[in-house]
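Architecture and fold: a report
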Amino acid sequence: MTKPLLQIALDNQTIDSATSTLKSLGNEVDILEVGTILCLQEGRHAIETVRSLYKDKIILADTKCADAGKIVAQNCKDAGANWMTVICCATIETMIAAKNVMDDIQVELYGDWTFEQAQQWFDNDIKQVVYHQSRDALLAGKKWSEEDLNKIQRLIDLGFKVSVTGGLELDTVKLFQGLDIYAFIAGRNLREAEDPAYAARAFKEEITKVFES
Ligand code: 5RP
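Positions within a chain are numbered from 1, following the residues in the order the chain's sequence is written. For a predicted model such as this one, the threshold for reporting local features is a pLDDT of at least 70, and the threshold for listing and counting side-chain atom pairs is 80 or more; totals across whole chains, interfaces and linings nevertheless cover every residue. Side-chain measures were taken over the full set of non-hydrogen atoms in the model, leaving aside hydrogen atoms and water.

Another aspect to go through is the site of the ligand. In these notes, residues near a molecule or strand are those with any non-hydrogen atom within 4 Å of it. The ligand sits among 14 residues. The nearest are Asp 11, Lys 64, Gly 167, Gly 187 and Arg 188. At 3.1 Å, a side-chain N or O of Glu 33 approaches an oxygen atom of the ligand. Throughout this description, a polar contact denotes any pair of N or O atoms lying within 3.5 Å of each other; where both atoms belong to protein, one of them has to be capable of donating a hydrogen while the other can accept it, and for residues adjacent in sequence the pair is counted only when both atoms sit in side chains. Measuring from an oxygen atom of the ligand, one finds a side-chain N or O atom of Thr 165 at 3.2 Å. Accessible surface is estimated by sampling points in the Shrake-Rupley manner with a 1.4 Å probe; for residues, cover comes only from the protein chains shown. Alone, the ligand offers 370 Å² of accessible surface; in the complex the protein occludes 92% of this. Grouping the amino acids of the shell around the ligand by side-chain chemistry returns three nonpolar, five polar and six charged. Throughout this entry, Asp, Glu, Lys and Arg are counted as charged residues, while Ala, Val, Leu, Ile, Met, Phe, Trp, Tyr, Cys and Pro are counted as nonpolar. The remaining residues, Gly among them, count as polar.

Structural data, given as C-alpha cells:
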C-alpha cells in the first residue's frame, strides 16, 4: 500500500483568490486541482495561471465533462492541465476520447453508477476514479458510511486508483485506514483555514500517521 497523495481543490471564485491559496499551500500538496467552480468562473485562464506558477506539478482540470470529451480535453491540455475529470454518466466514447488526449482522466462518481460500468471503464484503460460525497448531500446531512467504504474497497479490488473527496476534514482521514486510497482531495478545509499551508501540512501528517502506522 502506498501513502495517499494530497490534492488541493481550488474551487475559488476568482483566479486571484486561487493564486493567493496557492501562494500559501502550493508547495505543500501533491496535485493541484482547478476546481469545477473555478473552471466555470474563469475558464482556461485559470488553468494557464496555475501552470505558469507550477511548471512541474500535476494539474487536474475538474471539468466533470459529460460530452465533447476530445475537444474539452484538448482545451484543458493546451491550457496546461495533465489530467481532467469526466462524470460517471458520460458515455464510454466520451471517456475514451478524453483519455486519448490527456495524460490521464478521473471518473467522478456521483449519483447512480454500477460496478458493470466501472469494469467497462477499467477495460478501456481508465484507471482512476474519484469517490465523491457531494457538497449538497453533505449539506443535507449525509455522512461517510460503511456502504461507502465497502464500495471503495470493491473499486480498489477491481484495480482502480481511488481518490476520495467531499468535505474532508483531518478527522475524516482515519475512516479510510486500511484502504489503498490514491489521493485525498480537500478544498474548503484547506483553502478557508486561517493558515492554509499549516492546514495542508497537518493533513499530510495525519495521512502519514494513519497510513504508515
Ligand atoms: C465539488 C468538488 C470539490 O472540488 C471537492 O469535493 C473538494 O471540495 P471540498 O473539500 O470543499 O468538499 O469536486 O464538486
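Turning our eyes to something else, we now look at the environment of Gly 26. A run of H or I in DSSP counts as a helix once it spans at least four residues, and a run of E counts as a strand once it spans at least two, with each numbered from the N terminus. Within the secondary structure layout, Gly 26 lies in the loop between α1 (15–25) and β2 (31–34). When a residue's accessible area, from a 1.4 Å probe over protein chains only, is under 20% of the maximum for its type it is buried; when over 50% it is exposed; and in between it is partly exposed. On the accessibility criterion, Gly 26 (0% relative accessible area) is buried. Separated by 173 residues in the primary sequence, Gly 26 and Ala 199 have C-alpha atoms spaced 12 Å apart. When residues no more than four places from it in sequence are discounted, the contact partners of Gly 26 are Thr 21, Leu 32, Tyr 54 and Lys 57. Note on definitions: a residue-residue contact is assigned when non-hydrogen atoms from the two residues lie within 4.5 Å.

Here we take up the UniProt feature "domain: Orotidine 5'-phosphate decarboxylase" (unreviewed entry) in the protein chain. UniProt positions are given in the numbering used here, feature names are shortened, and annotations may be inferred rather than shown by experiment. Mapped onto the present numbering, the UniProt feature "domain: Orotidine 5'-phosphate decarboxylase" (unreviewed entry) falls on residues 5–203. Counting secondary structure, residues 5–203 comes out at 44% helix and 23% strand; the distance between its end C-alpha atoms is 10 Å.

For this analysis, a salt bridge means a side-chain nitrogen from Lys or Arg found within 4 Å of a carboxyl oxygen belonging to Asp or Glu. Counted according to the given criterion, the structure contains twelve salt bridges. Taking the shortest distance from any N to any O, the salt bridge between Lys 99 and Asp 104 comes out at 3.7 Å. The pair Lys 99 / Asp 104 is uniform in exposure class, with both members buried. Here Glu 147 ties to Lys 151 by a salt bridge, and the two come within 3.8 Å at their closest N and O atoms. Residue Glu 147 and its partner Lys 151 are located together in helix α8 (residues 146–158), separated by four residues, close to a single helical turn. Overall, the relative accessible area of 52% leaves Glu 147 in the exposed class. Connected through shared salt-bridge partners, Lys 99, Asp 104, Asp 125 and Lys 127 make up one network.

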